[in-house]
Amino acid sequence: MSLELERENRLIQLRAKLNERKIKLWEPPYFTPEHQTDEAELQTLADQLGPELGIATELCKEGLKALQRNALEKLQSKDEFQRTGIATVRVRAPTQTGSNREFDMKVKVTDTGSQLCELIGKRLSLDARKIKLVCSGRIINASSSLQEQKMTNGATVMALVMAHSEEEAKRECSTYDRVHKIRTEAETLINDKDSSDFLSIEDQSGNAIFLPKEEKKSLMMALALYEKGKAAIAAGNHEEALLLLLEADHDFRCCNSQLLNVVDNYALLNLDIVWCYLSLKNLNQLPDAEQRLKVCELKFQQSYGKNMQRVAAIRGEQSNEKTLLVRLHLLKAILYFHQNKRDDARTMFQVVETELQKLRIDDDCLSRLMECGYAMKEARIALRACSNDVEASIEYIHSQRQTREVNEKRAERERKLYRTIGYEVASSEFQRLKLELVDQLMEMGYPEELAALALKRSENDINGALNELATNRDGLQNELLHTVSVQTPLQDKLVALGFDASVAKVALKLTANDYDRATNYLLANVTQGVYSEALRGALVEMDRKRSRSDSCSSAGTPASTEPSQPASASGNRPGSSSASASSSSTTAADTEKRRRKEMLDILFKSFSQDIRTSADSHLDLALEQEANLLQQYKQLLGMD
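Residues numbered from 1 in each chain as written. Predicted model: local features only at pLDDT ≥ 70, side-chain atom pairs only at ≥ 80, totals over all residues. Heavy atoms only, no water.

**With respect to the overall build of the chain**
Here's step 1: Assigned secondary structure in the chain consists of 25 helices and seven strands.
Here's step 2: With 640 residues in all, the chain has 46% of them scored as buried.
Here's step 3: Relative to all contacts within the chain whose residues are 6 or more apart in sequence, the contacts with residues 24 or more apart total 63%.
Here's step 4: Carbon and sulfur atoms make up 48% of the accessible area of the chain, which amounts to about 33,200 Å² in all. (Helix = DSSP H or I, 4+ residues; strand = E, 2+ residues; numbered from the N terminus. Buried < 20%, exposed > 50% of the residue type's maximum accessible area, 1.4 Å probe, protein only. Contact = heavy atoms within 4.5 Å. Areas by Shrake-Rupley, 256 points an atom, 1.4 Å probe, with all protein chains shown as cover.)

**Quick look at the pairing of strand 3 (residues 132-135)**
Looking down a regular strand, the side chains alternate between one sheet face and the other.
Here's step 1: Taking every second residue as pointing to the same face, both faces of strand 3 are buried, with Lys 132 and Val 134 on one and Leu 133 and Cys 135 on the other.
Here's step 2: Note: strand 3 against strand 5 (residues 156-160), three bridges, orientation antiparallel. Within the sheet, the bridge partner assigned to Leu 133 lies in strand 5 and is Ala 159.
Here's step 3: Counting the residues that bridge the hairpin from strand 3 to strand 4 (residues 138-139) gives two residues, and of these Ser 136 lies at a positive phi of roughly 50 degrees. (Pairing = 2+ DSSP bridges.)

**Quick look at the packing of helix 20 (residues 488-496) against helix 22 (residues 515-525)**
Here's step 1: As a packed pair, helix 20 and helix 22 sit with axes 11 Å apart at the nearest point and diverge in direction by 35 degrees. Like other packed secondary-structure pairs, helix 20 and helix 22 cross with a definite hand, here right-handed. Between helix 20, through Leu 490, Lys 493 and Leu 494, and helix 22, the contact on the second element is made entirely by Tyr 515, Ala 518, Thr 519 and Leu 522.
Here's step 2: Residue classes in the contact of helix 20 with helix 22 are distributed as five nonpolar, one polar and one charged. (Axes fitted to C-alpha atoms, helices over the stretch in contact; angles between N-to-C directions. Left-handed = near helix turned anticlockwise from the far one by under 90°. Nonpolar A, V, L, I, M, F, W, Y, C, P; charged D, E, K, R; others polar.)

**Notes on unusual backbone geometry**
Here's step 1: Of note, the amide linkage connecting Pro 28 to Pro 29 takes the cis form, showing an omega dihedral of 10 degrees.
Here's step 2: Tracing the sequence through the fold places Pro 29 in the loop between helix 1 (3-20) and helix 2 (39-53).
Here's step 3: For Glu 459, which is not glycine, the phi torsion reads 55 degrees and is therefore positive.
Here's step 4: When you line up the elements, Glu 459 lands in the loop between helix 17 (448-458) and helix 18 (462-471).
Here's step 5: Judged by relative accessible area, which is 58%, Glu 459 ranks as exposed.
Here's step 6: Despite not being glycine, Ala 512 shows a phi value in the positive range, around 55 degrees.
Here's step 7: Position of Ala 512 among the secondary structure elements: in the loop between helix 21 (501-510) and helix 22.

**Describing the environment of Arg 123**
Here's step 1: Considering the arrangement of structural elements, one finds Arg 123 in helix 4 (residues 113-124).
Here's step 2: Residues Arg 123 and Phe 103, 20 residues apart in the sequence, show an inter-C-alpha distance of 9.3 Å.
Here's step 3: Contacts of Arg 123, omitting those with residues within four sequence positions, involve Phe 103, Asp 104 and Met 105.

**Notes on the packing of aromatic side chains**
When we look at a pair of aromatic rings, we describe it by the centre distance and by the angle of the planes.
Here's step 1: The final tally for this structure, using the stated rule, is four aromatic pairs.
Here's step 2: Look at Phe 337 and Tyr 633: their rings are 5.1 Å apart centre to centre, the planes differ by 80 degrees, and that puts the pair in the edge-to-face class. Taken together, the residues span a long stretch of sequence, with Phe 337 in helix 11 (residues 322-338) and Tyr 633 in helix 25 (residues 624-636) at a distance of 296 residues. This pair shows no difference in class: Phe 337 is buried, exactly as Tyr 633 is.
Here's step 3: Between the aromatic rings of Tyr 418 and Tyr 423, the centroid separation amounts to 5.5 Å while the plane-to-plane angle is 85 degrees, which identifies the pairing as edge-to-face.
Here's step 4: Exposure remark for Tyr 418: the relative accessible area of 3% places this residue in the buried category.
Here's step 5: Exposure remark for Tyr 423: the relative accessible area of 12% places this residue in the buried category.
Here's step 6: Put simply, the rings of Phe 337, Phe 349 and Tyr 633 touch in pairs and so form one group of aromatic residues. (Phe/Tyr/Trp six-rings, centres within 6.5 Å; stacked < 30°, edge-to-face > 60°.)

**So, helix 14 (residues 376-385)**
Here's step 1: For helix 14, the tally of buried residues reaches eight of 10 residues, placing the bulk of the element in the interior.
Here's step 2: Among the residues making up helix 14, those that are buried are Glu 378, Ala 379, Arg 380, Ile 381, Ala 382, Leu 383, Arg 384 and Ala 385.
Here's step 3: Summarising the contacts, the buried residues of helix 14 are in contact with helix 11, helix 13 (363-371) and helix 15 (390-421).
Here's step 4: Just downstream of helix 14, Ser 387 is the residue with a positive phi angle, here 55 degrees.

**Section: the side chain of Lys 332**
Here's step 1: Relative to the helices and strands, Lys 332 resides in helix 11.
Here's step 2: Its relative accessible area of 15% is what places Lys 332 among the buried residues.
Here's step 3: With residues near it in sequence (within four places) discarded, Lys 332 still touches Leu 293, Glu 297 and Met 348.

**As for the pattern of salt bridges**
Here's step 1: Overall, the coordinates contain 31 salt bridges when judged by the stated rule.
Here's step 2: Between Glu 52 and Arg 21 there is a salt bridge, with its nearest N and O atoms 2.5 Å apart. In this pair, Glu 52 is assigned in helix 2 and Arg 21 in the loop between helix 1 and helix 2, connecting sequence segments 31 residues apart.
Here's step 3: By relative accessible area, Arg 21 is classed as partly exposed at 35%.
Here's step 4: A salt bridge links Asp 79 to Arg 83; the shortest N-O distance between them is 2.9 Å. Taken together, the residues Asp 79 and Arg 83, both in helix 3 (residues 57-84) and four residues apart, mark about one turn of the helix.
Here's step 5: Connected via shared salt-bridge partners are Arg 138, Asp 249, Arg 253, Asp 288 and Arg 292. (Salt bridge = Lys/Arg side-chain N within 4 Å of Asp/Glu carboxyl O.)

**Let's talk about the pairing of strand 1 (residues 86-94)**
Here's step 1: With seven of its nine residues buried, strand 1 lies for the most part within the structure.
Here's step 2: Where strand 1 lies against strand 5, three bridges are found, and the strand directions are parallel. Bridge assignment links Val 91 to a residue of strand 5, and that residue is Val 157.

**Thoughts on helix 7 (residues 238-252)**
Here's step 1: Between the first and last C-alpha of helix 7 there are 20 Å, a value that for 15 residues agrees with the 21 Å anticipated at 1.5 Å per step.
Here's step 2: Buried residues dominate helix 7, accounting for 14 of its 15 residues. (Expected span 1.5 Å × (residues − 1).)

Quick look at the structure:
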């Protein structure tokens, strides 16, 4: 047990006893009119309170003097603030060794966050630009005044910096840069329409969730920063983790959707923020920690159901979500302890102890599963879900894998289908297509893409979709000419068979890149180099769409709406200066597109290299830290 925690325990008990007896250490007889401590009176008080609280008299007196000193400093700073407007804030700077550097800082509340950073930077001999300040659960904005950010006299500020060794100082200066770089990378990936799915959004059953564009952007940013924050926690870098988690908290708060009431991400974020407070020994952020745990508990009830009923219905009685409740209940118990609600703390610690016992993993069972080739995380989750039954755990693992595979295939099919028919999932009019209705229409012989388009137009009314397919099939196919992006390798294969590139493109668009169907379409509509009326009409429609697109993007002359038909099926249209310029422009555009894609791929790999992408990662808690903390606090409360 740390000496710091033992000292805090003594101060908590002494403070409560003094409040109970209305004893004011800054007034006579403990503090004389000459502004001196009366040692004899303090000694007498220590002799009285020590035995009552089970604290050695010498340690009791030391605690009383510390409380008296704190009280006098607060009175002095309050008076100074009223007279001069200069506030005294308490700065706590966590270090990598687990301790805190603490000191008071004088500042005007009209000063900005950056000015306070400058003062703290000078005190710590650090570059102020590399310091991030946290107060009441918010990152202090550098350009706004402290008063605007509701920081006043007596506030406690956490300065996220590291210890003073040369090596750690280098890491210290990189923390801010890394967090800034992570946000910039996430923004780049999210803003690129081809990379917007780099983090999937799913419900508890693993089904993809589609959201309006702006809301999805905020939620994706929050999730991206949160994943990076969790990776920092796993690496033991709690300073960087806290910054990332608070940044994620800001983005989560930008989401207006009721979605946050039914998914557990925001609850988990609040839980992890309080865990970082504890790891950084900054539970003096009590008001914020208490509020965050309340949010967490409420969100858990909304997502999992009261007493976990909703999760039990989906995953079974022994769900791994119960590991999250252990951490929640432990943090609540620790908060009760620091608030001197000792009876509540004892009760909650007993709850935690019972929960830990139920979730204990048998080492022999774990070894047997790992000998079978299963990863530790997968084995641990399965054993908890199956109460250490090895055979049941193996069945559980394979069932979970199968469910994930089915959900992933369904989600990928859904995304691909929406891209094919040009269905903008970010629009306010978006209504999710019912894939089971698409399947019904496919069983009747309709192609998937036409079935989806018909259901989109009929708003999932299968009778309306059948009517659309019967009366407006040409219109549906023309829409595909506007929405389907042709896969170049397939187009090249059709050109190699002797078809003109333009008709190959039409065929692939009309069949949604189905090579066999596209080949059959061309064989049916091209006879000795002569195109059918249907194919000519499709070429005209595709050129018309390209002309409108060109008109929107430049002031150039629109392309001709007449289709070009070569003399033979394998012939090419003669080139011209304008066609040559167009070809050159297209080549440059393709080169730029490839370069951007390569850049995004590199960025994606860099960004995601330390993110654990498994859907159950947050449930794989070893619970060793929780067990150690439980024993420490039980000892402080005399529960052993």
